Amino acid sequence: MAPRYFKNDSKLARRDPLRQLEASLTRLVNEHPPAKLRPSGGLFHGPVSVAYTFLVLQQLYPDLEISGHHLGVWSAAYLDYAQKNFASYPGPRAGHCGVMDDVMCLLAIGAASSKESGMAKDLCEYSAEVLDPDSENEWLYGRAGYLYLLRLVKASFADDKEILRLITDTQEDVIDAILESPRPWKWHGKAYVGAVHGAFGIITQIVLTDPKKYAPKLEMELAVLLTYQYDSGNFPSSIPPERDRLVQVCHGAPGVVICLLSIKEYFPSLKEKIDRAIAKGRECILERGLLTKEPCISGNALALPDEEFEHFLTYTTGHEIKSMEKDGLLEPSNAPESLFGGEAGRAWAWAVADKDLAKRILGFNDL
């Protein structure tokens, strides 16, 4: 088998994050314009994921122009392309109702940006599909992902008591369904552990939705999950544990560490255990986190402290990626434009570095 990572043996380095952000966004619009993208993929990949990245970044950089247009113009262009393909989207259904669903993502983004109450109500009506007994609980295709979309919308309706109550009731119904599900939570019959398909991701989405109410109810489950950490600092992809192999946001220590960083304040009695898990996980990421799988380095970087975070990002500049691809060191992404697998995700990481933002994953635990 080809190696999954290369040695992290260079001296700590950094690049100018604003300059790299501008370069990343320029590559994004030039190499992956809307019409060249597969029209679906929700927040994970495709035009909606790119549009959402631009939408959030334009709030941080209102005056920044890329190829002659402000970021909001680019967001609108990618959204328009996605909406033109609306009739081709199957829509949410049992087993496909997380952040991969384009219909729900478009409704959530539309409601959040326009404060249109009708769109918020439409999103909440899809709770019927989410609550279907055949729906699962993870983030990418399941109930936990729907919780992220509801949080996105809720932030825009703080002054609308009717919509606020509707969203809160919907959140509670979804969380109740998750908590009433048999343990361990499974996806496709397998008990996953990590951020995207597994228990850490599910707990994170519940706690970020209402920490005061739900963190105490999930403390014991989180404590048990922490015991699954390997001596290496990594976490298994699923239980029962298999070979210690994957070190990436989807499966392994990076996703778990990023989850823990965003919820640890709500578990004060687990503080020492969580801090130890984060420290051990970071050791593993520093050793094995410079992956040969192209889009994964930026995500892994978000799990690290500042200097190491910026050091990992030096491997994600356009020059470095082209050089490593030429040398056969990188496996190219199958969604090179995307928030979770390509250029949009790299741009977000550079913005985190430039603005000194909390190290969160856009579309997952930034809200």
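All of the points below concern the structure found in this document. Note that the coordinates shown come from a computational prediction; the quantities given were computed from them, not determined experimentally.

Rules of the game
- Residues numbered from 1 in each chain as written.
- Predicted model: local features only at pLDDT ≥ 70, side-chain atom pairs only at ≥ 80, totals over all residues.
- Heavy atoms only, no water.
- Helix = DSSP H or I, 4+ residues; strand = E, 2+ residues; numbered from the N terminus.
- Rg over C-alpha atoms; globule rule 2.2 N^0.38 Å.
- Buried < 20%, exposed > 50% of the residue type's maximum accessible area, 1.4 Å probe, protein only.
- Contact = heavy atoms within 4.5 Å.
- Areas by Shrake-Rupley, 256 points an atom, 1.4 Å probe, with all protein chains shown as cover.
- Lys, Arg positive; Asp, Glu negative; His and termini not counted.
- Charge placed at Lys NZ, Arg CZ, Asp CG, Glu CD.
- Salt bridge = Lys/Arg side-chain N within 4 Å of Asp/Glu carboxyl O.
- Expected span 1.5 Å × (residues − 1).
- Arc of directions from axis to C-beta.
- Core = buried A, V, L, I, M, F, W, Y, C linked by side-chain atoms within 4.5 Å.
- Axes fitted to C-alpha atoms, helices over the stretch in contact; angles between N-to-C directions.
- Parallel < 35°, antiparallel > 145°, perpendicular 65-115°, else oblique.
- Left-handed = near helix turned anticlockwise from the far one by under 90°.
- Nonpolar A, V, L, I, M, F, W, Y, C, P; charged D, E, K, R; others polar.
- Bend = angle between axes of the 7 residues up to and from the residue.
- Phe/Tyr/Trp six-rings, centres within 6.5 Å; stacked < 30°, edge-to-face > 60°.
- Lys NZ or Arg CZ within 6 Å of the ring centre and 35° of its normal.

**Some points on the overall build of the chain**
- When helices and strands are counted, the chain shows 16 helices and 4 strands.
- Taking 21 Å as the expected radius of gyration for a compact globule of 367 residues, we find that the chain reaches 20 Å, a close match to that expectation.
- Its C-alpha atoms give the chain principal-axis dimensions of about 55 × 50 × 35 Å.
- Residues counted as buried form 56% of the 367 residues belonging to the chain.
- For the chain, the share of sequence-separated contacts (at least 6 apart) that also reach a separation of at least 24 residues comes to 69%.
- A total of about 15700 Å² of accessible surface is found on the chain, and carbon and sulfur atoms cover 51% of it.
- One finds the centroid of the 40 positive side-chain charges in the chain at a distance of 4 Å from the centroid of its 50 negative side-chain charges.

**As for the pattern of salt bridges**
- Tallied over the entire structure, the rule returns 13 salt bridges.
- Glu221 is the salt-bridge partner of Arg183, the closest N and O atoms lying 2.8 Å from each other. Of this pair, Arg183 sits in the loop between helix 8 (161–180) and strand 3 (191–192) while Glu221 sits in helix 10 (residues 211–226); the two residues are 38 residues apart in sequence, bridging distant segments of the chain.
- Between Asp275 and Lys271 there is a salt bridge, with the nearest N and O atoms lying 2.8 Å from each other. In this pair, Asp275 and Lys271 are both assigned in helix 12 (residues 271–288), 4 residues apart and thus about one turn of the helix distant.
- Look at the salt bridges and you will find they share partners, linking Arg27, Glu343 and Arg346 into a network.

**A closer look at helix 3 (residues 71–84)**
- For helix 3, spanning 14 residues, the distance from its first C-alpha to its last is 20 Å, which sits close to the expected 20 Å at 1.5 Å a residue.
- Every buried residue of helix 3 is listed here: Leu71, Trp74, Ser75, Tyr78, Leu79, Tyr81 and Ala82. Considered in projection along helix 3, the buried side chains sweep an arc of 155 degrees and stay on one side of the axis.
- Elements that come into contact with the buried residues of helix 3 comprise helix 1 (17–31), helix 2 (47–60), strand 1 (65–66), strand 2 (69–70) and helix 4 (102–114).

**Notes on the nonpolar core**
- Core analysis: the biggest nonpolar cluster contains 119 residues, and Leu25, Tyr52 and Phe200 have the highest contact counts within it.
- With 9 residues, helix 4 is the single largest residue contributor to this core.

**With respect to the packing of helix 2 against helix 16 (residues 343–355)**
- Orientation of helix 2 relative to helix 16, taken along the N-to-C sense of each, is 20 degrees, at an axis distance of 11 Å. As the angle between them shows, helix 2 and helix 16 are arranged roughly parallel. Crossing of helix 2 against helix 16: the hand is left-handed. Residue-level contacts link Thr53, Val56, Leu57 and Leu60 of helix 2 to Ala344, Ala347, Trp348, Ala351 and Lys355 of helix 16.
- Each residue belonging to the contact of helix 2 with helix 16 can be placed in one class, and the counts come to 7 nonpolar, 1 polar and 1 charged.

**Quick notes on the environment of Ile321**
- Position of Ile321 among the secondary structure elements: in helix 15 (residues 318–326).
- When the C-alpha atoms of Ile321 and Pro295 are compared, they prove to be 9.9 Å apart, with 26 residues separating the residues in sequence.
- When neighbours within four sequence positions are excluded, Ile321 is seen to be in contact with Glu294, Tyr315, Thr316, Leu330 and Arg346.

**Comments concerning helix 10**
- Its 16 residues place the ends of helix 10 only 19 Å apart at the C-alpha level, less than the 22 Å of an ideal helix rising 1.5 Å per residue.
- Along helix 10, the largest kink reaches about 50 degrees and is centred on Leu218.
- On the buried face of helix 10, the contacting elements are helix 8, helix 9 (199–209), helix 11 (253–263) and helix 12.

**Some details on unusual backbone geometry**
- Following Arg183, the chain continues into Pro184 via a peptide bond in cis, with omega recorded as -10 degrees.
- Each neighbour pair has its own omega, and for Ile239 with Pro240 the value is 0 degrees, a cis peptide bond.
- Inspection of the secondary structure puts Pro240 in the loop between strand 4 (238–239) and helix 11.
- Although it is not a glycine, Ser67 sits at a positive phi angle of roughly 50 degrees.
- Even without being a glycine, Lys115 presents a positive backbone phi close to 55 degrees.
- Here Lys115 lies in the loop between helix 4 and helix 5 (117–125).

**Quick notes on the packing of aromatic side chains**
- Counted by the stated rule, this structure contains 10 aromatic pairs.
- Relative to Tyr89, the ring of Phe86 has its centre 6.0 Å away and its plane inclined at 70 degrees; by these criteria the two rings are edge-to-face.
- The exposure class assigned to Phe86 is partly exposed, which follows from its relative accessible area of 41%.
- Each residue in the set Phe44, Trp139, Phe340 and Phe364 is aromatic and connected to the rest through ring pairs, giving one cluster.
- Above the ring of Tyr61, the side-chain terminus of Lys355 is found at 4.7 Å from the ring centroid.

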